[in-house]
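One letter stands for each residue in the lines below.
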Amino acid sequence: MNSSSPSNLQQLLSDGKFVVTGECGPPRGSDPEIVRHKAQLLKGVVDAVNVTDNQTAIVRMSSIAASVHILNQGLEPVMQMVVRDRNRIALQSDILGAWSLGIKNILCLSGDHQTFGSQPEAMNVFDIDSMHLIRTIKIMRDEGCDMSGFELKNPPRMFIGAAANPFADPFDYRVIRLAKKIEAGADFIQTQCIYNMDRFKEWIKQSNEEGLTEKVHILAGVTPLKSAGMARYMKNKVAGMDIPDSVIDRMAGVPKEKAAEEGIKICLETIAELRQLEGIHGIHIMAIEWEEKVSEIVKAAGLKH
Amino acid sequence: MIVGEQKPIAEIIKSIQPYRKILILGCGTCVKTCFAGGEDEVAVLASALRLSFKKDHQEIEIDELTVERQCENEFIQEAAESIGNNDAVLSLACGAGVQAIAKRFATSPVLPGINTSFIGIQENPGLFTEECSGCGNCELATFGGICPITRCSKKLLNGPCGGSRNGKCEVAPDTDCAWQLIIDRLKILGQLDNIRSYIPPKDWRPSTSGGPRKLVREDHII
């Protein structure tokens, strides 16, 4: 957390503000208006917007380009970058390019496996892993050189993010992995969507005990559910997702036309509970193709600082 | 061993169409062990092809031969006469065997009869699993004898991704998560510290990224 990035997200977190971030999935096409429209829905609502990088291994507008559209709308993007599609040469090149375009936050990810996407016949790269990407950006920023040790003119002063999934196995390695990401250079963490609060509480408790939450800013992830069908789909089909039956039953227990309302209600209850926990520094709202609801959630949750 | 699987019969028939005299050349080591290209498979394939051509009223002469290893000169030489007597060779060896034949018999067409799958083991009767990518720089000592480069779908070196669930990989529910196996085993061995600290990026030069590989053993050069 000693980074010297000019990122506004970093500034807010350093000032001890409880931040809120949103998410924008770029379109399967090249229309910038779609990105601009999503940005407008989030403007003045969130402190920064994650821009996903070909999420679920489906070809979309690049996260760099979409991040620039977001930037031009007066919002701060968190550019996601996966190691699935690019080797270390391309990754470093794109980091330099992103910085030159004014992108100040980056989230380092492995990436969904290409077999989940629309082009499963593709070759993957995985030259380096997400841990290596974190370290690479830290070295570029703090030591001013690329992976070969070559000195960079105008090194990228990125605020470095990483993901954590407390719901994946093996559970007892999850805190070790968080510690490794911090040691590699992560300044902030965004977690997988939280529905299983018991498990999340155990993870954050262990992280607190290890002193990790003092070394990194943790933004807890939430995704409002639109319907019982969506909840079931996410539970069964989306890798790394843990949705307890109690949540699914609750979604299924209300009339269809009330399901979205119930999903928002669950989301607000989750946020309220998360705010009570020690070691949480913000909320990351991933409203998938439901960006118009983020404003309502932020307002109702009292997240505006 | 090198694990392979016989190509679909339709593909084989199509590839041998231009020829009237074919040698089916088996290999008696790896691909024999995985039931893809030993003498038994040569015999079965030869019968199937003869029947198929007969049914279609097409002429074909098929010779059968299996050598110990198609990747070694002394065994390849045993096949020289048969190769010379035929229009083409349908090799049931791995890709290395097919190319070894092609290198040594400049005028004989060589066709692959199997798809070379991976370097692996027979985990259970009838179940073959990939264990090694031949990366050229073995790091199994760190990972408790379980290779994350081969057995993790994302080649992760620093721990499991967010898709590890109940010991299984997100990519295929019947595939073990390599990282779960690594962690379990290192715990048993009391070596979990091996993976507590940062493991740097891999140097891929000794792997296929460095171009075609070769190994020179000065002590064996005559």
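For the structure itself, consult the block above.
For every chain, the first residue of its written sequence is number 1, and the numbers climb from 1 along that sequence. Note on labels: chains are lettered from A, ligands numbered from 1, in written order. Owing to the predicted nature of the model, reporting of local features is limited to residues with pLDDT of at least 70; listing and counting of side-chain atom pairs is limited to 80 or more, with chain, interface and lining totals taken over all residues. Just so you know, side-chain values use all the structure's heavy atoms and leave hydrogens and water out.

**Student:** Describe the interface of chain A and chain B, naming the residues involved and giving the relevant values.
**Tutor:** Interfaces are often sized by the accessible area lost when the parts come together. On the chain B side, the residues contacting the 34 residues of chain A number 29 residues. Here's the idea: put two parts together, see how much 1.4 Å probe accessible area each one loses, and the total over both is what we call buried area. Note on chain A versus chain B: buried area summed over both sides is about 2,500 Å², and carbon and sulfur give 51% of it. Salt bridges, as used here, are contacts in which a Lys or Arg side-chain nitrogen is within 4 Å of a carboxyl oxygen on Asp or Glu. Our count for the contact surface shared by chain A and chain B stands at one salt bridge. The partner of aspartate 172 of chain A in a salt bridge is lysine 187 of chain B, and the shortest N-O contact between them spans 2.7 Å. Polar contact is the term for a pair of N or O atoms within 3.5 Å; when the atoms are in protein, one must be able to donate a hydrogen and the other to accept it, and sequence-neighboring residues count only if both atoms are side-chain atoms. The interface formed by chain A and chain B holds 23 residue pairs in polar contact (both at pLDDT 80 or more) in total. In DSSP terms, a helix is any run of H or I states spanning at least four residues, a strand is any run of E spanning at least two, and both are numbered starting from the N terminus. Elements supplying a minimum of two residues to the side of chain A that touches chain B: helix 5 (130-143) and helix 6 (171-184) of chain A. In what follows, a contact means two residues having at least one pair of non-hydrogen atoms within 4.5 Å.

**Student:** Give me the lowdown on the sheet that holds strand 7 (residues 217-222) of chain A, citing residues and values where you can.
**Tutor:** Each strand in a sheet pairs with its neighbour through backbone hydrogen bonds, running either in the same direction (parallel) or in the opposite one (antiparallel). All names here are of chain A. When DSSP locates at least two bridges between a pair of strands, those strands are taken to pair. Spatially, 1-2-3-4-5-6-7-8 is the arrangement adopted by the eight strands of the closed barrel, whose pairing is parallel. Neighbour to neighbour, the strand axes of the sheet diverge by 25° on average, direction disregarded. Examined bridge by bridge, strand 6 (residues 188-193) and strand 7 share four bridges and lie parallel to one another. Bridging from a neighbouring strand, phenylalanine 188 pairs with histidine 217 of strand 7. All axes here are fitted lines through C-alpha atoms, helices being fitted over the stretch that makes contact, and every angle between N-to-C directions spans 0 to 180 degrees.

**Student:** Could you give an account of the nonpolar core, with specific residues and numbers?
**Tutor:** To qualify as a nonpolar core, a set must consist of buried Ala, Val, Leu, Ile, Met, Phe, Trp, Tyr and Cys residues joined through side-chain atoms within 4.5 Å. Burial classes: relative accessible area under 20% of the type maximum marks a residue as buried, over 50% as exposed, and values in between as partly exposed (1.4 Å probe, protein chains only). Leu133, Phe200, Trp203, Leu274, Ile283, Ile285 and Leu303 of chain A are the most contacted members of the largest nonpolar core, which totals 72 residues. With sequence-adjacent residues up to four places away left out, leucine 274 of chain A is seen in contact with Ile194, Met197, Phe200, Ala220, Val222, Ile280 and Ile283 of chain A. Within the second largest apolar cluster, 25 residues are counted, among which are Ile16, Cys27, Ile62 and Phe128 of chain B.

**Student:** Describe in detail the side chain of glutamine 73 of chain A, supporting the description with residues and values.
**Tutor:** All names here are of chain A. In this fold, glutamine 73 is placed in the loop between helix 3 (63-72) and strand 3 (77-82). Of the residues examined, glutamine 73 reaches a relative accessible area of 18% and is grouped as buried. Glutamine 73 has contacts with Arg36, Ala39, Gln40 and Lys43, leaving out every residue within four places of it along the chain.

**Student:** Can you explain empty space enclosed by the protein? Please cite residues and give values.
**Tutor:** Residues and elements named next belong to chain B. Definitions used for this entry: grid spacing 1 Å over protein atoms alone; cavity, a set of points where a 1.4 Å probe fits but cannot get out; pocket, an open set with protein on both sides within 12 Å along at least 5 of 7 lines; lining residue, one with an atom within 4 Å of a point. Grid points are joined across faces, edges and corners, and a volume is the space filled by probe spheres set on the points. Enumeration over the complete set of coordinates arrives at two cavities of 30 Å³ or more. The calculated volume of the largest cavity comes to roughly 100 Å³. For the largest cavity, the lining is made up of 16 residues, of which Cys152, Ser153, Cys161, Cys169 and Cys177 are closest to its centre. Put simply, Ala, Val, Leu, Ile, Met, Phe, Trp, Tyr, Cys and Pro go in the nonpolar bin, Asp, Glu, Lys and Arg in the charged bin, and everything else, Gly too, in the polar bin. For the lining of the largest cavity, a count of residues per class yields nine nonpolar, three polar and four charged. Here the residues of the lining of the second largest cavity are counted per class, giving five nonpolar, one polar and four charged.

**Student:** Give me the sheet that holds strand 3 (residues 61-67) of chain B: which residues, what numbers.
**Tutor:** Residue and element names in this part refer to chain B. Taken together, four strands build an open sheet; the order of strands is 3-2-4-5 and the sheet is parallel. The two strands at the open ends of the sheet, each matched to only one other strand, are strand 3 and strand 5 (110-112). Going from strand to strand, the sheet's axes swing by 25° on average, the running direction of each strand aside. Alignment of strand 2 (residues 21-27) against strand 3, held across seven bridges, turns out to be parallel. Note on strand 3: the bridge partner recorded for leucine 23 is aspartate 63. Across the sheet, helix 3 (residues 39-55) lies against strand 2, strand 3 and strand 4 (88-91), angled at about 175° from strand 3, the strand it touches most.

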